[in-house]
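So the chains spell out like this:
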Amino acid sequence: MEYYQTENGFAYGKPPVARVVARRSGSDQIIIDHTYVSTELRGQGIARILVMLVVEQAQKEGRSIVPLCSYAARVLNEKPELSALITSL
């Protein structure tokens, strides 16, 4: 299985068995709305990788991240070096 970009974020597996739902807001933000990993794949770090793919995208595009998803917020807050990327609505 592989990770790939979708219309509204990133996913893992085809059909998707894990995803992060993210959307652009204005010209300078990406909002992370939700992460999901199927029950049988939980605990393997897949959701963390999906969130980090959004981080990579935000860094490339010069955007900040609004983590509405509590899991995404936790992942981002665990990494002090990402604090400059985090913002709110």
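Whatever comes next refers back to the structure up there.
Residues numbered from 1 in each chain as written. Predicted model: local features only at pLDDT ≥ 70, side-chain atom pairs only at ≥ 80, totals over all residues. Heavy atoms only, no water.

**Q** Go over helix H1 (residues 46-61), please, and point to the residues and values.
**A** Helix length check: H1, at 16 residues, gives a terminal C-alpha distance of 23 Å against a target of 22 Å (1.5 Å per residue), a fit within 8%. When we look at burial in H1, the residues that qualify are Ile 46, Ala 47, Leu 50, Val 51, Leu 53, Val 54, Val 55, Gln 57 and Ala 58. Elements in contact with the buried residues of H1: strand E1 (3-6), strand E2 (9-12), strand E3 (18-25), strand E4 (29-37), strand E5 (64-67) and helix H2 (70-77). In the segment just after H1, Gly 62 is the residue with positive phi, at about 70°. (Helix = DSSP H or I, 4+ residues; strand = E, 2+ residues; numbered from the N terminus. Expected span 1.5 Å × (residues − 1). Buried < 20%, exposed > 50% of the residue type's maximum accessible area, 1.4 Å probe, protein only. Contact = heavy atoms within 4.5 Å.)

**Q** Please give an account of the sheet that holds E2 that cites residues and values.
**A** The mixed open sheet is built from five strands, whose spatial order is E1-E2-E3-E4-E5. Of all strands in the sheet, those bounded by a partner on one side alone are E1 and E5. The mean inter-strand angle of the sheet, taken between neighbouring strand axes irrespective of direction, is 25°. Bridging between E4 and E5 involves four bridges; their strand directions are parallel. From the neighbouring strand, Ile 32 faces E5, where its bridge partner is Pro 67. (Pairing = 2+ DSSP bridges. Axes fitted to C-alpha atoms, helices over the stretch in contact; angles between N-to-C directions.)

**Q** Summarise unusual backbone geometry; cite the residues concerned and give the values.
**A** Here the bond from Lys 14 into Pro 15 is cis, since omega is -5°, no more than 30 degrees from zero. Tracing the sequence through the fold places Pro 15 in the loop between E2 and E3.

**Q** I'd like to hear about the packing of aromatic side chains, residue by residue, with values.
**A** Throughout the structure, instances matching the rule amount to one aromatic pair. Each ring, one from Tyr 3 and one from Tyr 12, has its centre 4.6 Å from the other, and the planes form 40°; the classification is tilted. Note on Tyr 3: relative accessible area 28%, which makes it partly exposed. Between Lys 14 and the ring centre of Tyr 4, over which it is positioned, the NZ or CZ distance is 4.6 Å. (Phe/Tyr/Trp six-rings, centres within 6.5 Å; stacked < 30°, edge-to-face > 60°. Lys NZ or Arg CZ within 6 Å of the ring centre and 35° of its normal.)

Taken by themselves, the reported measurements are silent on function.
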